[in-house]
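Below are the chains, spelled out letter by letter.
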Amino acid sequence: MSENSAIEARLRRLLLEGMAGDAAAYHRFLDELSAYLRAYFRRRLTRLPDDVEDLVQETLLAVHNQRYTFEADQPLTPWAYAIARYKLVDLLRRRADREALHEPLDDELAVFAASDHEAADARRDVLKLLDALPEKQRLPIRLMKLEGLSVVEAARMAGMSESAVKVGVHRGLKALAKMIGGAP
Amino acid sequence: MKTDEFVSLLAAGGGAVESGTTARRHALAIGWGGMGAMLLMAIFLGVRADIADAVRLPMFWLKLAFPVCLAGAAFVAATRLARPGARLGQTPLALVAPIAVVWAMAAYALATAAPDARGALLLGQTWTVCPGLIALLSLPVLVGTLWAMKGLAPTQPILAGAAAGLLAGAVATAVYALHCPEMAAPFLATWYLAGMLIPTVAGALLGPRLLRW
């Protein structure tokens, strides 16, 4: 088995386990994916190195929010590559960096070609963006993130139902993606 | 926020995910949109008066099969274009096949008709209103299919919008066929197709604006 297909098999299994409800597998999936994304973006944003970490987070958020478009009968590599490339092109378009758009197209295997665990600091602080969210979305996200609480604990702390906490986190992360991308 | 903290945040917001969302959203769009088109047709146009006789003619079913086959192929195209990295595969072929069949039937009908009857086969009685009415009926379906697409993850917004538009147009045409009295293949090959292409082009134009995520 080549290295790429070994990565594909491992990450795909972690994502599918995560989508079946295994939080630890999902955490590992996102963690490993972020390293591949970082290496991928770093090689392609040589002129915008400060944007790499923002784009990694933005792409992770997109992967998370749209993960239900991944179906068990499809390979992971083209899915992850298509999202990474979409977010990359989106960023370049926003930056109106015409030159960078002319970089040659690469093939989808490039997305898992290298892995980079050394995160630079993101320029944009997602936590600050959270302040713009309505209370019932911000509170569950803050409790679960900052305090590291479970859904049950966060629900008790916030005085909300468990499903309201889940809906709040879900909607909040969707709204966050919109704020970051400036999508209409 | 550091990326590893961000990953923890996302993982905490995880949980089990239902599968089959893509097909479900599109099916919902067609269900509600198709019902809207059916209501518009029934209220403002009316089902053709001779429907009881028409259902006995093979041409009536062929006329219905044309948009239904296109809707099926457009459904597959739309659900694939809604998912990152999904390949279209043989779908373009399935889109072209119904059009090729109807065009072949139209060519045969025109070739075997008397020269002075050809104009009537092509234009029928209603060619001036047919594409416009199909486009109008497609509006509720188009709202639905674009909504379905918007909640998914299309990475090629022009194509995704076009597929959503064609799906809406084909569903609307199947509904319109219950009203429309035309039965000649040259008419269907021209004006039904033109009617379906209006929402297709509209979808392609709207895609890049509406389908960002």
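The structure presented is a predicted model; accordingly, all values stated were derived computationally and were not measured.

## Some thoughts on the overall build of chain A
Phase 1 of the analysis: The helix and strand tally for chain A stands at nine helices and zero strands.
Phase 2 of the analysis: When each of the 184 residues of chain A is scored for burial, the buried share is 51%.
Phase 3 of the analysis: Considering only intrachain contacts with a sequence separation of at least 6, the fraction spanning at least 24 residues in chain A is 70%.
Phase 4 of the analysis: Roughly 8700 Å² of accessible area belongs to chain A as shown, and the carbon and sulfur atoms make up 53% of that amount.

## Some details on the nonpolar core
Phase 1 of the analysis: In this structure, Phe29, Leu30, Phe41, Leu45, Leu60 and Phe112 of chain A together with Phe6 of chain B are the most contacted members of the largest nonpolar core, which totals 62 residues.
Phase 2 of the analysis: A total of 10 residues in this core trace back to one element, the largest contributor, which is helix H4 (residues 76-94) of chain A.
Phase 3 of the analysis: Mapped onto the domain boundaries, this core takes at least three residues apiece from domain 1 (1-123) and domain 2 (125-184) of chain A.
Phase 4 of the analysis: Aside from chain neighbours lying at most four places away, what touches leucine 45 of chain A is Asp51, Val52, Leu55, Leu88, Leu91 and Leu92 of chain A.

## Some details on the domain arrangement of chain A
All names here are of chain A.
Phase 1 of the analysis: According to the domain assignment, chain A contains domain 1 (1-123) and domain 2 (125-184).
Phase 2 of the analysis: Between domain 1 and domain 2, the contact holds nine residues from the first and eight residues from the second.
Phase 3 of the analysis: Approximately 710 Å² of surface area, both sides summed, lies buried where domain 1 meets domain 2, with 56% of it carried by carbon and sulfur atoms.
Phase 4 of the analysis: At the junction of domain 1 and domain 2, the tally comes to zero salt bridges.
Phase 5 of the analysis: Linking domain 1 with domain 2 are two residue pairs in polar contact (both at pLDDT 80 or more).
Phase 6 of the analysis: A breakdown of the residues in the side of domain 1 that touches domain 2 according to their chemical character gives two nonpolar, four polar and three charged.

Rules and cut-offs
Residues numbered from 1 in each chain as written. Chains lettered and ligands numbered in written order. Predicted model: local features only at pLDDT ≥ 70, side-chain atom pairs only at ≥ 80, totals over all residues. Heavy atoms only, no water. Helix = DSSP H or I, 4+ residues; strand = E, 2+ residues; numbered from the N terminus. Buried < 20%, exposed > 50% of the residue type's maximum accessible area, 1.4 Å probe, protein only. Contact = heavy atoms within 4.5 Å. Areas by Shrake-Rupley, 256 points an atom, 1.4 Å probe, with all protein chains shown as cover. Core = buried A, V, L, I, M, F, W, Y, C linked by side-chain atoms within 4.5 Å. Domains from an automatic or database assignment. Buried area = accessible area lost by both parts, 1.4 Å probe. Salt bridge = Lys/Arg side-chain N within 4 Å of Asp/Glu carboxyl O. Polar contact = N/O pair within 3.5 Å; in protein donor to acceptor, adjacent residues only side chain to side chain. Nonpolar A, V, L, I, M, F, W, Y, C, P; charged D, E, K, R; others polar.

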